[in-house]
Amino acid sequence: MKVSVIIPAAGLGTRMASAPAATGPKPRKAAPSKQFTELGGTPILIHTLRRFAKSTEINEIIVALRQAEIAPFRARLEKEAPEILAKRTVLLEGGESRQQSVANALAAVSAAVDDIVLVHDAVRPFVTEEMIHEVIAGASKYGAAIAGVPAVDTVKQVERTSEGALIRATIPREKIVLAQTPQGFRYEVLKKAFDEATADGFVGTDEASLVERSGHEVAVVMGSPRNIKITTPADLELAEYYLTR
């Protein structure tokens, strides 16, 4: 069984730009996209890719980037992380949205119907080898599986109004899971879901939402509270702490 992992990394990451600007006479350079923000002196994306390059279960890695970033990122990998390129890593152009980036990468995958395709956020660098294994096993068994963690806070359903939000219901926590990545699928399941979404002009929030819409059940395997998605300066501070641990 072949296992491919797709890393959509063509986004701009505007929420990371909310960090306070530096003071002084010199204007601050434009902040890098969040996936290229450095964590411990290394881009978050490289930390993430190293996790998958290390896994013996992964056969190939496909990274979707903006066109202008492909050549310089390849050069950086050749210099700083050749072990990632050695894992049959393909860098290709992504799209305007996450869904389009994953679709572009999926089109580059050559797989049998029962091979597994994982999709993982570029800015979740603390995914573990055990989590990768469990998602692969879940996808192989059920056809579709994601990492997720139980909700610990009380969850409220609200109605948005011009003056704010009003609570309409309290959702039992035992029925709520907070979705993470990796998300894994048999190739035929994911391809069918993307083809249908494209034909209907449907845009989902993640790959599992497309597969759910396609009528296929999605299993959940245990993720981790440490498997954070770094999207804000506060997330970056927490990631720096995890890295030093």
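For the structure itself, consult the block above.
Residues numbered from 1 in each chain as written. Predicted model: local features only at pLDDT ≥ 70, side-chain atom pairs only at ≥ 80, totals over all residues. Heavy atoms only, no water.

Participant: Please provide a residue-by-residue account of the packing of aromatic side chains, values included.
Facilitator: Considering all chains together, one arrives at 3 aromatic pairs under this definition. Judged by centre distance (5.5 Å) and plane angle (70 degrees), the ring pair of Phe36 and Phe73 falls under edge-to-face. Taken together, the residues Phe36 in the loop between β1 (3–8) and β2 (38–39) and Phe73 in helix α2 (residues 67–80) connect sequence positions 37 residues apart. One exposure class covers both Phe36 and Phe73, and it is buried. In textbook terms, an aromatic cluster arises when at least three aromatic residues are bridged by ring pairs, as seen for Phe126, Tyr241 and Tyr242. (Phe/Tyr/Trp six-rings, centres within 6.5 Å; stacked < 30°, edge-to-face > 60°. Helix = DSSP H or I, 4+ residues; strand = E, 2+ residues; numbered from the N terminus. Buried < 20%, exposed > 50% of the residue type's maximum accessible area, 1.4 Å probe, protein only.)

Participant: How would you summarise the packing of helix α4 (residues 98–107) against helix α6 (residues 187–200) if you had to cite specific residues and measurements?
Facilitator: Running from N to C, α4 and α6 point in directions that differ by 130 degrees, and their axes come no closer than 11 Å. As summarised for this structure, α4 and α6 are arranged oblique, according to the angle between their axes. Read as a crossing pair, α4 and α6 show a hand that is left-handed. When α4 is examined against α6, the residues Gln99, Val102, Ala103 and Leu106 are found in contact with a partner set consisting of Tyr187, Leu190, Lys191, Phe194 and Ala197. Of the residues contributing to the contact of α4 with α6, the split by class is 7 nonpolar, 1 polar and 1 charged. (Axes fitted to C-alpha atoms, helices over the stretch in contact; angles between N-to-C directions. Parallel < 35°, antiparallel > 145°, perpendicular 65-115°, else oblique. Left-handed = near helix turned anticlockwise from the far one by under 90°. Contact = heavy atoms within 4.5 Å. Nonpolar A, V, L, I, M, F, W, Y, C, P; charged D, E, K, R; others polar.)

Participant: Account for the pairing of strand β4 (residues 60–65), naming residues and giving values.
Facilitator: When you tally the buried positions in β4, you get 6 out of 6 residues, the bulk of the element. As defined by bridge partners, β1 adjoins β4 across 5 bridges and the pair is classed as parallel. Paired with Pro8 across the two strands is Ala64, which belongs to β4. Two strands pair when backbone bridges link them, and β4 and strand β5 (residues 89–93) are joined in this way by 5 bridges, in the parallel orientation. Paired with Ile62 across the two strands is Val90, which belongs to β5. (Pairing = 2+ DSSP bridges.)

Participant: Kindly report on the side chain of Gln35, identifying the contributing residues and their values.
Facilitator: Here Gln35 shows up in the loop between β1 and β2. Of the residues examined, Gln35 reaches a relative accessible area of 2% and is grouped as buried. A distance of 2.7 Å separates a polar side-chain atom of Gln35 from the backbone oxygen of Ala9. (Polar contact = N/O pair within 3.5 Å; in protein donor to acceptor, adjacent residues only side chain to side chain.)

Participant: Describe helix α8 (residues 233–244), and please don't skip the residues or the numbers.
Facilitator: Between its first and last C-alpha, α8 extends 17 Å over 12 residues, near the 16 Å set by a 1.5 Å rise per residue. Residues of α8 that are buried in the fold lie against β2 and α1 (44–54). (Expected span 1.5 Å × (residues − 1).)

Participant: Describe the nonpolar core, listing the residues and the values that go with them.
Facilitator: Counting 31 residues, the largest nonpolar core has Leu45 and Leu118 as its most contacted members. Among the elements of the structure, β1, α1, β4, α2, β6 (116–119) and α5 (129–142) are those that each provide at least two residues to this core. Contact partners of Leu118, with chain neighbours within four places excluded, come to Val3, Ser4, Val5, Ile6, Phe52, Ile58, Ile132, Val135, Ile136, Gln183 and Gly184. Val102, Ala105, Ala144 and Leu210 belong to the second largest nonpolar core, which has 20 residues in total. (Core = buried A, V, L, I, M, F, W, Y, C linked by side-chain atoms within 4.5 Å.)

Participant: Hey, could you go over the sheet that holds strand β10 (residues 177–186) for me, with residue numbers and the actual values?
Facilitator: Pairing between the strands of a sheet is mediated by backbone hydrogen bonds and can be parallel or antiparallel. What the 7 strands build is an open sheet, ordered β5-β4-β1-β6-β10-β7-β11; its pairing is mixed. Pairing within the sheet leaves two strands with one partner each, and these edge strands are β5 and β11 (219–222). On average, each strand axis in the sheet is inclined to that of its neighbour by 25 degrees, with strand direction left out of account. Seen against the sheet, α5 touches β1, β6, β7 (144–150), β10 and β11 and runs at an angle of roughly 60 degrees to β10. Against the sheet, α6 contacts β6 and β10, and its axis sits at roughly 110 degrees relative to β10.

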